[in-house]
Amino acid sequence: MEEADRLVQAGVLREREDIFYLRLQEIQEVVRTNRVDDQLIAQRKDAFRSYQALTPPRVLTSDGEAVAGSYRRDDLPNGALVGLPVSAGTVQGRARVVLELAEADLEPGDILVTAYTDPSWTPLFVAIKGLVTEVGGLMTHGAVIAREYGLPAVVGVEHATRLIRDGQRIRVHGTDGYVEVLP
């Protein structure tokens, strides 16, 4: 980032974050020549924005096939959000809807609601007491870490980050695979 700042001060890059749109070899070339392809950065920014607008499938096979479907459950409370049970237990608390790791503002006892997790999210699991994700299965990151930490978790809750508002009280039924939004 110091090099990005230097390139911005030299008028080579427009913004320090532009450096993230270059590959290592391209960065080395920019540092060496003090010239950058602004069109390339603009194209990559546009591509990144389009990728952010995509919704990941709930199930993706090892062959790359996206499997669509719906849950068939008639044993749920009215209005419950159905998913897959991946870590047993029941817990209720404040939902914290987090779309980007850098924006996470969790307090001890919160329930993390997000699209998915990956290893970089692991430090958040120390503060939370439950997990809800939009995608995932029994062996995905969030499910495995939730079991290791003993946190009730439900994954594959379609549109969870839109249906659950940040700050709402929810109850996660990790044993039965559903989430209730509490009044």
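Everything quoted here is computed from the prediction, not taken from an experiment.

Visitor: What am I meant to see in the layout of surface pockets here?
Guide: Over the atoms, a rolled probe matching the size of one water molecule traces out where space is still vacant. When its volume is computed, the largest pocket comes out at roughly 630 Å³. Of all the secondary-structure elements, those providing two or more residues to the lining of the largest pocket are α3 (38–52) and α5 (160–163). No other element matches α3, which puts three residues into the lining of the largest pocket. Per-class residue counts for the lining of the largest pocket are ten nonpolar, four polar and four charged.

Visitor: When you look at the nonpolar core in this model, what are you seeing that I'm missing?
Guide: Nonpolar side chains tend to gather and get buried jointly when the protein is soluble and globular. Within the largest apolar cluster, 15 residues are counted, with the highest numbers of intra-cluster contacts made by L112, W121, F125, I128, L131 and A146. The set of elements that each furnish at least two residues to this core consists of α4 (141–149) and β8 (153–155). Broken down by element, this core gets its largest block of residues, three residues, from α4. Once residues lying within four places of it in the same chain are set aside, the contact partners of L131 are I111, L112, T117, F125, G142, A146, P152, A153, V154 and V172.

Visitor: Teacher, can you tell me more about the pattern of salt bridges here?
Guide: Note on pairing: side chains with opposite charge can pair once their charged atoms come close. Under the definition given, this model contains 14 salt bridges. The partner of R23 in a salt bridge is E26, with the nearest N and O atoms 3.6 Å apart. Owing to a relative accessible area of 54%, R23 belongs among the exposed residues under this scheme. Since its relative accessible area comes to 22%, E26 is described here as partly exposed. Between E107 and R94 there is a salt bridge, with its nearest N and O atoms 3.6 Å apart. Of this pair, E107 sits in the loop between β5 (90–97) and β6 (111–114) while R94 sits in strand β5, placing them 13 residues apart in sequence. Each member of the salt-bridge network shares a partner with another, and the members are E15, D18 and K45.

Visitor: Just to check I follow, could you spell out the environment of Q39 for this structure?
Guide: Relative to the elements of secondary structure, Q39 occurs in helix α3. For Q39, a relative accessible area of 61% puts it in the exposed group. For the pair Q39 and Y178, spaced 139 residues apart in sequence, the C-alpha separation works out to 47 Å.

Visitor: Where do I start with the side chain of D18 in this structure?
Guide: Take D18: it is sitting in the loop between α1 (2–9) and α2 (24–33). Look past the residues within four positions of D18 in its chain and what remains in contact with it is L13, I41 and K45.

Visitor: What is the right way to look at α3 in this model?
Guide: Within an α-helix, residues lying three or four positions from one another point in the same direction, as the helix has 3.6 residues per turn. In this model, α3 (15 residues) spans 21 Å end to end at C-alpha, consistent with the 21 Å of a helix rising 1.5 Å per residue. All of the buried residues along α3 are I41, R44 and K45. Around the axis of α3, the buried residues are gathered within 105 degrees of arc, so they sit on the same side. When the buried face of α3 is taken as reference, the exposed residues oriented beyond 90 degrees from it are Q39 and Q43.

Visitor: I would appreciate a short explanation of the pairing of strand β7 (residues 130–133) in the present structure.
Guide: Consecutive residues of a regular strand have side chains that alternate between opposite faces of the sheet. Alternating residues of β7 divide into G130 and V132 and L131 and T133, and every residue in both groups is buried. As judged from the four bridges shared by β6 and β7, these two strands associate in the parallel manner. Counted as the bridge partner of V113 is V132 from β7. Pairing analysis gives two bridges linking β7 to β8, with the strands arranged parallel. Within the sheet, the bridge partner assigned to V132 lies in β8 and is V154.

Cut-offs and rules
- Residues numbered from 1 in each chain as written.
- Predicted model: local features only at pLDDT ≥ 70, side-chain atom pairs only at ≥ 80, totals over all residues.
- Heavy atoms only, no water.
- 1 Å grid on protein atoms, 1.4 Å probe; cavity = no way out; pocket = protein on both sides within 12 Å on 5 of 7 lines; lining within 4 Å.
- Points joined across faces, edges and corners; volume = space filled by probe spheres on them.
- Helix = DSSP H or I, 4+ residues; strand = E, 2+ residues; numbered from the N terminus.
- Nonpolar A, V, L, I, M, F, W, Y, C, P; charged D, E, K, R; others polar.
- Core = buried A, V, L, I, M, F, W, Y, C linked by side-chain atoms within 4.5 Å.
- Buried < 20%, exposed > 50% of the residue type's maximum accessible area, 1.4 Å probe, protein only.
- Contact = heavy atoms within 4.5 Å.
- Salt bridge = Lys/Arg side-chain N within 4 Å of Asp/Glu carboxyl O.
- Expected span 1.5 Å × (residues − 1).
- Arc of directions from axis to C-beta.
- Pairing = 2+ DSSP bridges.

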